[in-house]
Amino acid sequence: MLDIDKINYMMLEFTSACNARCPACARTHHFVNSGITPHGSRQLTLEHMQNLFGVKWPNLTKINIDGNYGDSMYHPQSLEMLEYITQTQDASKIKLYIDSNGGYKTPEFWKDLGTLMKKFHETSCITFGIDGIDPEMHQRYRVRVDLNKVFENATAFINNGGNAEWKWIGFDYNDHQLEDAKRMSKEMGFSAFIYKNTRVRHSIIKEAIGLQDSYKGVTVTSKNVNSTISKDIVEQAKKELASVKDFANESTIRCRFRREKNYGFQVEHSGRIYQCCHLPGYYNYQIPGSAIYKEYEYYINKYTSNWNSLDEHNILDILNHRYFQRDLTESFNNRTDASENPRISRCISKCGSIDA
Ligand code: SF4
Ligand code: SF4
């Protein structure tokens, strides 16, 4: 069961809109390349926020402003949404982490965001995704994002006392700029430089358990197995896969959104509540009948279509729904071919592992 009293974490996705077109991003892949229009609301509303934060969350200590389809600060009322949290919760206890490409709106907006973030826990920060030190390199992945604008906005935020991190997605093609990027991040006042490999472990396990690669055509930019970090991840994943006959059913699923430090849920831009960001982004814009849709079809068909929508239900009623209280929890320990609450492939590939 999901213990509502234990909730200390939320991930909020304010919008499905973004100025960028990163090739491996789900929004680019599903909306732009496939022409699928998001159904329902494309962004959270203040009413959604009132539903969500009309409740006092006494143990809430961490909020991630992040998601699958959009860059949340791009939402036209993003500052008001954050302000509402400060009015209803004990914001000084909440570590607010925002992920952004940073390449939109004005320096004044980012300065104001810095001021607002001071109401949250002192370790709160924005992580700017910057994958190159010149506009051309940066745009190889961050398509349409003007690097000069990112630097201008990040500088306005940092100069106003904001805590900013630089996140670098490592690709083969930008490795040679890595050291210069680290140096620049210090000179510009970023508090940390984070090197990130994307989806390496997930891709290997998906392949091993026979799942289709949904990012076909963009694998060059979504996987990088050349760095030391990637090699370690690849080695570990292969070791685990080789140690069992049936990883899909023999692995242990440890839900990342039910761990002591991150115990909570995700709110999608549509105003729907999910256990985590791995489920909605994958399934809710898939075409019925497609391979990916089939993985989750059982759970789509099991309930009414709006059972998890903040438009129709109170947040506590949603979290008390049998999906959170029983079905999903049971699925973690069931087999993939169970007739009731089968193990979900996405949970296997994202959170499954073999104990050493
Ligand atoms: S900046 Fe983020 S939301 Fe926007 S296209 Fe890139 S990965 Fe997707
Ligand atoms: S993929 Fe499944 S197991 Fe992993 S965090 Fe999401 S709900 Fe939990």
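What you are looking at is a predicted structure, and each value in this text was computed from that prediction instead of being measured.

Draft legend 1. A look at the overall build of the protein. Within the protein one finds 16 helices and 10 strands. Evaluated residue by residue, the protein yields a buried proportion of 40% over its 356 residues. Put simply, 80% of the contacts in the protein that link residues at least 6 apart link residues at least 24 apart.

Draft legend 2. Looking closely at the environment of Ser339. Inspection of the secondary structure assignment puts Ser339 in the loop between α15 (322-333) and α16 (345-351). On the basis of neighbour counts, which here come to 8 C-beta atoms within 10 Å, the residue Ser339 falls in the exposed class. Residues Ser339 and Tyr298, 41 residues apart in the sequence, show an inter-C-alpha distance of 9.5 Å.

Draft legend 3. Representation of the site of ligand 2. In the neighbourhood of ligand 2, the contacting residues comprise Ile253, Cys255, Arg256, Phe257, Gln275, Cys276, His278, Leu279, Arg346, Cys347, Lys350 and Cys351. Considering each element in turn, the shell around ligand 2 owes the most residues, 4 residues, to α16. When the residues that make up the shell around ligand 2 are grouped by side-chain class, the tally is 7 nonpolar, 2 polar and 3 charged.

Draft legend 4. Representation of unusual backbone geometry in the model. Look at Lys105: it is not a glycine, yet its phi comes out positive at around 60°. Within the element layout of this structure, Lys105 appears in the loop between β3 (95-100) and α4 (107-117). Its identity is not glycine, yet Asn341 carries a phi of approximately 45°, on the positive side. Relative to the helices and strands, Asn341 resides in the loop between α15 and α16.

Draft legend 5. How the structure looks around the pairing of strand β1 (residues 9-12). Burial along β1 is two-sided: Tyr9 and Met11 facing one way and Met10 and Leu12 facing the other are all buried. Note that β1 and strand β2 (residues 62-65) share 4 bridges and pair parallel. Considered in β2, the bridge of Met10 is made with Ile63. Relative to strand β8 (residues 264-267), β1 runs parallel, the two sharing 4 bridges. For Tyr9, the partnering residue across the bridge sits in β8 and is Gly264.

Draft legend 6. Structural view of the sheet that holds strand β6 (residues 192-196). One open sheet accounts for 8 strands, arranged β6-β5-β4-β3-β2-β1-β8-β9; its pairing is mixed. Each edge of the open sheet is held by one strand with a lone partner, namely β6 and β9 (273-274). Bridge count for β3 against strand β4 (residues 125-129) is 4 bridges, and the pairing is parallel. For Asp99, the partnering residue across the bridge sits in β4 and is Thr127.

Draft legend 7. The packing of α4 against helix α6 (residues 147-159), seen in detail. Interaxial distance between α4 and α6 falls to 7 Å at its minimum, and their mutual angle equals 35°. Judged by the sense of rotation from one axis to the other, the crossing of α4 with α6 is right-handed. Between α4 and α6, the contacting residues are Pro107, Trp110, Lys111, Leu113 and Gly114 on the first element and Glu152, Asn153, Ala156 and Phe157 on the second. Residues belonging to the contact of α4 with α6 are distributed by class as follows: 5 nonpolar, 2 polar and 2 charged.

Draft legend 8. Seen up close, the packing of helix α3 (residues 78-88) against α4. Where α3 meets α4, the axes come as close as 11 Å, and the angle between the chain directions of the two elements is 5°. What the angle tells us is that α3 and α4 run roughly parallel. Here Leu79, Leu82 and Glu83 of α3 come into contact with α4, specifically with Asp112, Leu113 and Leu116.

Draft legend 9. Layout of the environment of Glu268. In this structure, Glu268 sits in the loop between β8 and β9. In sequence terms Glu268 and Arg42 are 226 residues apart; their C-alpha atoms lie 9.3 Å from each other. Ignoring sequence-local partners within four residues, the contact set of Glu268 consists of Glu13, Gly67, Tyr274 and Pro280.

Draft legend 10. Structural context of the environment of Ile209. Take Ile209: it is sitting in the loop between α8 (200-208) and α9 (219-222). Residue Ile209 is classed as partly exposed on the basis of its C-beta count, with 18 C-beta atoms lying within 10 Å. A C-alpha to C-alpha distance of 7.1 Å links Ile209 and Phe247, two positions 38 residues apart in sequence. Excluding residues within four positions of it along the chain, Ile209 makes contact with Phe247, Ala248, Ser345, Ile348 and Ser349.

Draft legend 11. Representation of the pairing of β2 in the model. Of the two faces of β2, the one holding Lys62 and Asn64 and the one holding Ile63 and Ile65 are both buried throughout. Bridge count between β2 and β3: 4 bridges; the pairing is parallel. The residue bridging Lys62 from the neighbouring strand is Lys95, located in β3. In this fold, β2 hands off to α3, which returns the chain to β3; that crossover is right-handed.

Draft legend 12. Spotlight on helix α2 (residues 46-53). For α2, the full list of buried residues reads His48, Met49, Asn51 and Leu52. Along α2, the residues classed as buried sweep out an arc of 160° about the axis, all on the same side.

Draft legend 13. View of the nonpolar core. Of all hydrophobic cores here, the largest spans 61 residues; its most connected members are Met10, Leu12, Leu96, Phe128, Phe157 and Ala164. Ranked by residue count, the leading element in this core is α6, at 5 residues. Not counting chain neighbours up to four residues away, the residues in contact with Met10 comprise Leu60, Ile63, Gly264, Phe265 and Val267. Ranked by size, the runner-up nonpolar core spans 8 residues in total, among them Ile344, Cys347, Ile348 and Cys351.

Rules and cut-offs
Residues numbered from 1 in each chain as written. Chains lettered and ligands numbered in written order. Predicted model: local features only at pLDDT ≥ 70, side-chain atom pairs only at ≥ 80, totals over all residues. Helix = DSSP H or I, 4+ residues; strand = E, 2+ residues; numbered from the N terminus. Buried ≥ 20, exposed ≤ 12 C-beta atoms within 10 Å, placed from the backbone. Contact = placed C-beta atoms within 7 Å. Near = placed C-beta within 6 Å. Nonpolar A, V, L, I, M, F, W, Y, C, P; charged D, E, K, R; others polar. Pairing = 2+ DSSP bridges. Axes fitted to C-alpha atoms, helices over the stretch in contact; angles between N-to-C directions. Left-handed = near helix turned anticlockwise from the far one by under 90°. Parallel < 35°, antiparallel > 145°, perpendicular 65-115°, else oblique. Right-handed = clockwise from strand over helix to strand, strands pointing away. Arc of directions from axis to C-beta. Core = buried A, V, L, I, M, F, W, Y, C linked by C-beta atoms within 7 Å.

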